[in-house]
Amino acid sequence: MTWSILARDEQGRFGVAIASRFFAVGALCVHTRRGVGALSTQALMNPLYGPRGMELLAQGRSAQQVVDTVTAADAGRAQRQLHVLPARGAPAAWTGGGCIAWCGHRLGDDFSVAGNMLAGPQVVEASADAFLSTRGELAERLLAALAAGEAAGGDKRGKQAAALRIQADEDWPQLDIRVDDHAEPVQELQRLYRTSLERYQPFMACLAGRRDPVGVTDRAQIEARIERFARERGEPR
């Protein structure tokens, strides 16, 4: 009842963007872990796939081994869809025979797209093509992919929810925004992303982290960094 795209960039970040005619689709479908990978569990999704899949990837299993292991242990696998992108190596996907048409996936070198109950294969193809042709930040490429998939028909039942997560080099997401219930969820997600650029993203970069256990605590310095972030993006303050 969903389509999503997983991707990684040359900086080692992972990103996931997802949309569906289902309430709060970003709550349980999307899973990421620093230095490990990303996955999305879909269709009649199994929330156990997320923690187990991340654990197996962290142990050094390939994406295909993760898919094979978690689906083999699930008697309901015919109703599931799963795709997995590791930190290194090829992605892998499973679309069970009981998933509702149109359903399928497309795998690339550094990304995967998967969906079910879609208007047609053009949704997955448009999402992948838009991701590959868009330049810029990983989040912006993922949002372009979602928008292209929606323009190609999206979820054949309609629209309701969307989410975007970027996992960088901390144990929490660099960005994690969700639209749980909205008439135009992809457009609203794009608006939230633009809003995050105003203060949220540069502020998050000032927080304590793995390489700086204190972070920036001087409020004037924080404001200066926010101003610099805006200038570097060519945005007025």
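Everything that follows concerns the structure shown earlier in this document.
Rules and cut-offs
- Residues numbered from 1 in each chain as written.
- Predicted model: local features only at pLDDT ≥ 70, side-chain atom pairs only at ≥ 80, totals over all residues.
- Heavy atoms only, no water.
- Helix = DSSP H or I, 4+ residues; strand = E, 2+ residues; numbered from the N terminus.
- Rg over C-alpha atoms; globule rule 2.2 N^0.38 Å.
- Contact = heavy atoms within 4.5 Å.
- Areas by Shrake-Rupley, 256 points an atom, 1.4 Å probe, with all protein chains shown as cover.
- Lys, Arg positive; Asp, Glu negative; His and termini not counted.
- Charge placed at Lys NZ, Arg CZ, Asp CG, Glu CD.
- Core = buried A, V, L, I, M, F, W, Y, C linked by side-chain atoms within 4.5 Å.
- Buried < 20%, exposed > 50% of the residue type's maximum accessible area, 1.4 Å probe, protein only.
- Salt bridge = Lys/Arg side-chain N within 4 Å of Asp/Glu carboxyl O.
- Expected span 1.5 Å × (residues − 1).
- Polar contact = N/O pair within 3.5 Å; in protein donor to acceptor, adjacent residues only side chain to side chain.
- Phe/Tyr/Trp six-rings, centres within 6.5 Å; stacked < 30°, edge-to-face > 60°.
- Lys NZ or Arg CZ within 6 Å of the ring centre and 35° of its normal.

Along the backbone of the protein there are 7 helices and 10 strands. Taken over C-alpha atoms, the radius of gyration comes to 18 Å for the protein, in line with the 18 Å a tight globule of 237 residues would show. Within the protein, contacts between residues at least 6 apart in sequence are counted, and of these 53% link residues at least 24 apart. Surface accessibility of the protein: about 11000 Å² in total, with carbon and sulfur atoms responsible for 51%. In the protein, the 29 positive side-chain charges and the 28 negative ones have mean positions that sit 3 Å from each other.

Below, the discussion takes up the nonpolar core. Grouped together as the largest cluster of nonpolar side chains are 28 residues, with contacts concentrated most on I5, F131, L142, L146, L164, L189 and Y193. Those elements that place two or more of their residues in this core are β1 (2-8), β2 (14-20), β8 (111-115), α3 (121-133), α4 (138-151), β9 (161-167), β10 (175-179) and α5 (185-196). For this core, the element with the highest residue contribution is α4, accounting for 6 residues. Contacts of Y193, omitting those with residues within four sequence positions, involve E137, A139, E140, L143, L164, L175, I177 and Q201.

Next up on the list: the environment of V186. With respect to the helices and strands, the residue V186 is situated in helix α5. Under the relative-accessibility criterion, V186 is labelled buried at 2%. On a C-alpha basis, the gap between V186 and Q81 in space is 21 Å, while along the polypeptide they are 105 residues apart.

This brings us to the pattern of salt bridges. Pairs may arise between side chains of opposite charge once their charged atoms sit close together. For the structure on display, the rule yields 18 salt bridges. With its nearest N and O atoms 3.4 Å apart, the salt bridge here joins E137 to R13. With E137 in the loop between α3 and α4 and R13 in the loop between β1 and β2, this residue pair connects regions lying 124 residues apart in the sequence. Its relative accessible area of 10% is what places R13 among the buried residues. In this structure, D176 engages R165 in a salt bridge whose closest nitrogen and oxygen atoms are separated by 3.7 Å. Residue D176 is found in strand β10, and its partner R165 is found in strand β9; the two are separated by 11 residues along the sequence. Looking at R165, the relative accessible area reads 15%, which means it is buried. Linked by salt bridges that have partners in common, D9, R13 and E137 make up one network.

Let's shift gears to α4. Taking 1.5 Å as the rise per residue, α4 with 14 residues should run 20 Å; its terminal C-alpha atoms sit 20 Å apart, in good agreement. Taken across its 14 residues, α4 has 10 buried, putting it largely inside the fold. Elements that come into contact with the buried residues of α4 comprise β1, β2, α3, β9 and α5. Of the residues trailing α4, G153 is marked for its positive phi of about 130 degrees.

It is worth spelling out the environment of R13 at this point. Measuring from C-alpha to C-alpha, the distance between R13 and Q174 comes to 9.2 Å, with 161 residues separating the pair along the chain. At a separation of 2.7 Å, a polar atom in the side chain of R13 contacts the side chain of D9. At 3.4 Å, the side chain of R13 forms a polar contact with the side chain of E137.

To continue, consider the packing of aromatic side chains. All told, the structure shown has 1 aromatic pair when counted by the stated rule. Judged by centre distance (5.6 Å) and plane angle (45 degrees), the ring pair of F111 and F131 falls under tilted. Linking F111 in strand β8 with F131 in helix α3, this pair joins segments that are 20 residues apart in sequence. Given a relative accessible area of 4%, F111 falls into the buried group. Given the relative accessible area of 3%, F131 is considered buried. Sitting over the ring of F131, R141 keeps its end group 4.0 Å from the ring centre.

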